[in-house]
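Listed here are the chains, written in short residue letters.
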Amino acid sequence: LFTHIDHVGIAVRDLDEAIEFYETKYGMTMAHREVNEEQGVAEAMMAVGDSTSHIQLLAPLNEQSTIAKFIDKSGVGMQQMAYRVESIDDVCATLKERGLRLLYPEPKRGTAGSRINFIHPKDAGGVLVELVEPAPGGMH
Ligand code: CMX
């Protein structure tokens, strides 16, 4: 169903400070950075060595942001786990058949033009699971 761990998402208060931490302490490099208004985040993908795995740093754009709410409730730290898939439409249909709640009726736009959806954490053992279908020729 899933082909790779695509990224692990970490909620941070200040994106620039977090990028600097991952660069200077862990020697990671920033592969991509963008603002996603619809998701209410400023984000950066940090490459883990030469693999295609990334750590996604997520900072809230405003107080209504999902990430602001997460930090208010749980503090900074791991917010989500993302699996890469080949066809998000097929995977979402399969997961629905298996009784899991997806957050969106149709995939939305994620990092670098990818298509994304989420499994509700209450149906996934307390883990917010993101599904990512990379854009053709995208960053993955
Ligand atoms: N991981 C695990 N559990 C979580 C969670 C998370 N990230 N976020 C919320 N929960 C838990 C809450 O603690 C709550 O548990 P309790 O009922 O035991 O207290 C439960 O889920 C439901 O919480 P809620 O108050 O009903 O809903 P929230 O307003 O907290 O929203 C969620 C939860 C998953 C619907 C929301 O975070 C969401 O829409 N997430 C998807 C979008 C997203 O995360 N965007 C930012 C990243 C963008 C990107 O990756 O590109």
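Residues numbered from 1 in each chain as written. Predicted model: local features only at pLDDT ≥ 70, side-chain atom pairs only at ≥ 80, totals over all residues.

Under an unreviewed UniProt entry, the name given to the chain is Methylmalonyl-CoA epimerase, and the organism recorded is Arsenicicoccus bolidensis. What UniProt states about the chain under its Sequence similarities (unreviewed entry) heading is, verbatim, "Belongs to the methylmalonyl-CoA epimerase family." (UniProt positions renumbered as here; feature names shortened; annotations may be inferred.)

**Q** Residues and numbers for the environment of Gly9, please.
**A** Mapped onto the elements, Gly9 comes out in strand S1 (residues 4–11). A tally of 23 C-beta atoms within 10 Å means that Gly9 is categorised as buried. In this structure the C-alpha to C-alpha distance between Gly9 and Met81, which are 72 residues apart in sequence, comes to 6.2 Å. For Gly9, the residues in contact, after removing those within four places along its chain, are Gln56, Leu58, Gln79, Gln80 and Ala82. (Helix = DSSP H or I, 4+ residues; strand = E, 2+ residues; numbered from the N terminus. Buried ≥ 20, exposed ≤ 12 C-beta atoms within 10 Å, placed from the backbone. Contact = placed C-beta atoms within 7 Å.)

**Q** Go over the pairing of strand S2 (residues 29–36) with me, naming the residues and quoting the values.
**A** As paired strands, S2 and strand S3 (residues 41–47) are joined by seven bridges and run antiparallel to one another. Residue pairing in the sheet places Val35 in a bridge with Ala42 of S3. (Pairing = 2+ DSSP bridges.)

**Q** Describe the confidence of the model for the chain, with residues and values.
**A** In this model, the chain carries a mean pLDDT of 96, and residues with pLDDT of at least 70 account for 99%. Interface confidence for the predicted complex, given as ipTM, is 0.96, next to a pTM of 0.96. (pLDDT = per-residue confidence, 0-100.)

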